[in-house]
Amino acid sequence: MSTITTKLDYEKVLAGQENMVHLATRIQAPLLETKNRKPVAFAICLDRSGSMNSEKKFDYALKACEGVVHNLRTNDLFSLVTFDDQMEVVVPMSTLDHKERILSLIRELHTGGMTNLSGGWKVASDEFKKAEPGMLKRMLLLTDGIANRGIVDHRQLITLVGDGMRNQGIRTSCLGFGESYPEDLLSDMATHATGNFYDVDTKDKLPAVFAAELEGALRISMENLRIRVREEEFCSSWSDFGGLRITETEDGIKEMLVGDLVSEEVRSFALEVKVKSRNSLGTGNLISLDFAYDLITETGVEAKFESQTLQVSFVEDMKEVEPDESVLSIVSNQRASLIIRHAIERIDEGSEREALDLLNHELEKLEAIQRPELTGDSILLIRSTIDRINGGWTRTRGRKFAQYGVRSYAKMSSHEYWCAEDSFSPSFKQFSDDEL
């Protein structure tokens, strides 16, 4: 069974006033015990526009595609779609009974013209219609440029892949390569399709990203995790830190879409919750989380449902209001991702000084806590972002690194491959059995 832990940073608050607390959740997927996994459908949607020809980027991408083919079983389904101005189904969605023939088709590919990203995704998504109902569907989209053909609007593109996840169950991961791709778009597309987002600055990293994405598709133990958030009596409002896609159900309840978790993966997130004022002392319900997912077992798939309700106690003595420091690392990482997102917006508006002030203020707050074992990851990301701004935002690939870090810290997955420099790798990427 999965392990789901929820905690408040303050279980006791002062009576007679509004209070703000944080709810931290840690989800650990169970070990995938079955060795006879069911087949998966895996598609690669590959940009072959002219810019991919530089530095042999396309050659490295093709080598990575070959690695995927080698590692899939013959009863898995695989498809490869390429796009520039036009789309081509190089390998139709089918089993891999003839791997050498598929590898030969991949080796014959070459680059072409412009970038019709939406067209490529649509054609690749159509290939999944050949998969059996209930089969896991995973797409890896790779591009090094800005969409300039087909759908080019940001909102329409993320709606496209979000609908693909909701209506067809296609999880799309996005890989941005080089200096020109739109990092905001690919990050948002991955979020709406519950996939991963990778920022790759050198072609040498391509095989590792492809391998990590394939490994994730083959070892899923929790499918389609959704979390419904219900406000209880003493909840005034709540907000998240931007790491999850949120939709509203027909009955008006907000639902956070987490997606799939691989075997033993740990995912964490935090919510900011405003507590209503209460003059009397005592304990009351604050907020409830309903977790629904499908568990992969030896015999098939089991629908699971868990519910947890958090309570808060109202006290009059400030000495009783003490924080639970075990949630500090989650909250600080989630907050760091939000602060850096605001800093990116300031720089985009031309206010670099405001961005630096915002980041330095948050850094001072974290350092003042003097708990580097709990806040070290968030301090590292903020410092590195400051260094890149001071070193030349564009020259240091600052915006791409910052947006990638924002997405990774907001998602807080132990098993999502960290493709930035190793020196910046956060500790939560290293799987741990530590309790929340």
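Residues numbered from 1 in each chain as written. Predicted model: local features only at pLDDT ≥ 70, side-chain atom pairs only at ≥ 80, totals over all residues. Heavy atoms only, no water.

Engineer: Got a minute to help me understand the overall build of the protein in this structure?
Structural biologist: Secondary structure assignment for the protein yields 10 helices and 16 strands. The globule rule puts the C-alpha radius of gyration for 436 residues at 22 Å, and the 23 Å found for the protein is close to it. Taking the principal axes of its C-alpha atoms as reference, the protein extends roughly 75 × 55 × 35 Å. Across the 436 residues in the protein, those meeting the buried criterion constitute 56%. Pairs at least 24 apart in sequence give 75% of the contacts found in the protein among residues at least 6 apart. Accessible surface, the protein: about 18,500 Å² in total, of which carbon and sulfur atoms supply 46%. (Helix = DSSP H or I, 4+ residues; strand = E, 2+ residues; numbered from the N terminus. Rg over C-alpha atoms; globule rule 2.2 N^0.38 Å. Buried < 20%, exposed > 50% of the residue type's maximum accessible area, 1.4 Å probe, protein only. Contact = heavy atoms within 4.5 Å. Areas by Shrake-Rupley, 256 points an atom, 1.4 Å probe, with all protein chains shown as cover.)

Engineer: Teacher, can you tell me more about the side chain of Glu265 here?
Structural biologist: With respect to the helices, strands and loops of the structure, Glu265 is situated in the loop between strand E13 (254-262) and strand E14 (266-275). For the buried Glu265, which has no salt bridge, the nearest side chain bearing the opposite charge is Arg267, at an N-O separation of 4.4 Å. Sequence-distant contacts of Glu265, that is, excluding residues within four places in its chain, are made with Ile27, Gln28, Ala29, Asp260, Ser413, Ser414 and His415. (Lys, Arg positive; Asp, Glu negative; His and termini not counted. Salt bridge = Lys/Arg side-chain N within 4 Å of Asp/Glu carboxyl O.)

Engineer: Could you clarify how one ought to interpret the side chain of Asp144 in this entry?
Structural biologist: Tracing the chain through its elements places Asp144 in the loop between strand E7 (136-143) and helix H4 (154-168). Among the residues examined, Asp144 registers a relative accessible area of 3% and is labelled buried. Looking at Asp144, its side chain comes within polar contact range of the side chain of Lys57, at 2.8 Å. Residues contacting Asp144, with those up to four places away along its chain left out, are Asp47, Ser49, Ser51, Met52, Lys57, Phe177, Ser180 and Tyr181. (Polar contact = N/O pair within 3.5 Å; in protein donor to acceptor, adjacent residues only side chain to side chain.)

Engineer: What is the right way to look at the sheet that holds strand E5 (residues 77-83) in this model?
Structural biologist: What links the strands of a sheet is backbone hydrogen bonding, and the strands pair in either a parallel or an antiparallel sense. Read across the sheet, 6 strands follow the order E6-E5-E4-E7-E8-E9 without closing on themselves; strand pairing throughout is mixed. Every interior strand has two partners, whereas the edge strands, strand E6 (87-95) and strand E9 (197-200), have only one. Pairwise comparison of adjacent strand axes, ignoring direction, gives a mean angle of 15° for this sheet. The sheet contact formed by strand E4 (residues 40-47) and E7 spans 7 bridges and is parallel. Each bridged residue has a counterpart across the sheet, and for Ala41 the counterpart in E7 is Lys137. (Pairing = 2+ DSSP bridges. Axes fitted to C-alpha atoms, helices over the stretch in contact; angles between N-to-C directions.)

Engineer: Please explain the packing of H4 against helix H5 (residues 183-192) as it appears in this structure.
Structural biologist: A pair of packed helices is captured by two measures, namely the crossing angle of their axes and the spacing between those axes. For the pair H4 and H5, interaxial distance at closest approach is 8 Å and the crossing angle is 25°. As the angle between them shows, H4 and H5 are arranged roughly parallel. The way H4 lies across H5 gives a crossing that is right-handed. Between H4 and H5, the residues in contact are His154, Arg155, Leu157, Ile158, Val161, Gly162 and Met165 and Asp184, Leu185, Asp188, Met189 and His192, respectively. Its residues assigned to classes, the contact of H4 with H5 comprises 6 nonpolar, 3 polar and 3 charged. (Parallel < 35°, antiparallel > 145°, perpendicular 65-115°, else oblique. Left-handed = near helix turned anticlockwise from the far one by under 90°. Nonpolar A, V, L, I, M, F, W, Y, C, P; charged D, E, K, R; others polar.)

Engineer: In this structure, what is going on with empty space enclosed by the protein? I would like to understand it.
Structural biologist: A water-sized probe rolled over the atoms picks out the places where empty space is left. As enumerated under the stated definition, the model contains 2 cavities of 30 Å³ or more in all. For the largest cavity, the calculated volume is near 60 Å³. Taken together, Thr191, Thr194, Gly195, Gly243, Leu244, Arg245, Leu257, Val258, Arg267, Arg407 and Lys411 make up the lining of the largest cavity. Elements that contribute at least two residues to the lining of the largest cavity include exactly E13 and helix H10 (398-411). (1 Å grid on protein atoms, 1.4 Å probe; cavity = no way out; pocket = protein on both sides within 12 Å on 5 of 7 lines; lining within 4 Å. Points joined across faces, edges and corners; volume = space filled by probe spheres on them.)

Engineer: What is the right way to read the nonpolar core from this model?
Structural biologist: Buried together is how nonpolar side chains tend to be arranged in soluble globular proteins. Core analysis: the largest hydrophobic core is formed by 100 residues, its most contacted members being Leu46, Phe78, Leu80, Leu175 and Phe210. For this core, the leading source of residues is helix H7 (residues 328-348), giving 8 residues. Those residues in contact with Phe210 that lie beyond four places of it in its chain are Ile44, Ala61, Ala64, Cys65, Val68, Leu140, Leu142 and Leu175. Counting 31 residues, the second largest nonpolar core, distinct from the first, contains Ile27, Leu244, Val275 and Ile287. (Core = buried A, V, L, I, M, F, W, Y, C linked by side-chain atoms within 4.5 Å.)

Engineer: Please clarify how the sheet that holds strand E2 (residues 12-14) should be interpreted in this entry.
Structural biologist: Spatial strand order, E2-E16-E15-E10-E13-E12: 6 strands in an open sheet with mixed pairing. The outermost strands of the open sheet, each flanked by one partner alone, are E2 and strand E12 (245-248). Shown here is a sheet whose adjacent strand axes are inclined to one another by a mean of 30°, direction ignored. Bridge analysis of E12 against E13 gives 4 bridges, and the strand direction is antiparallel. Looking across to E13, one finds that Thr247 is bridged to Glu255.

Engineer: I tried to follow H4 on my own but got confused; where do I start?
Structural biologist: In an α-helix, one turn spans 3.6 residues, which is why side chains three or four residues apart end up on the same side. Counted at 1.5 Å a residue, the expected span for H4 with its 15 residues is 21 Å, and the 21 Å between its end C-alpha atoms agrees. Among the residues making up H4, those that are buried are Leu157, Ile158, Leu160, Val161, Gly162, Gly164 and Met165. For H4, the secondary structure elements touched by its buried residues are helix H3 (117-127), strand E8 (170-177), H5, strand E10 (220-231), E12 and E13. If you check the start of H4, you find a side-chain oxygen 3.2 Å away from the backbone N of Arg155, and it comes from Asp153. Positive phi appears at Gly169, one or two residues downstream of H4, with a value of about 75°. (Expected span 1.5 Å × (residues − 1).)

Engineer: Any chance you could explain the packing of helix H1 (residues 57-71) against helix H6 (residues 206-218) here in plain terms?
Structural biologist: Between H1 and H6, whose axes approach to 9 Å, the crossing angle comes to 30°. Classified by the angle their axes make, H1 and H6 are roughly parallel. Like other packed secondary-structure pairs, H1 and H6 cross with a definite hand, here right-handed. Two secondary-structure elements touch here, H1 through Lys57, Tyr60, Ala61, Ala64, Cys65, Val68 and Asn71 and H6 through Leu206, Pro207, Phe210, Leu214 and Leu218. Of the residues belonging to the contact of H1 with H6, the class tally is 10 nonpolar, 1 polar and 1 charged.

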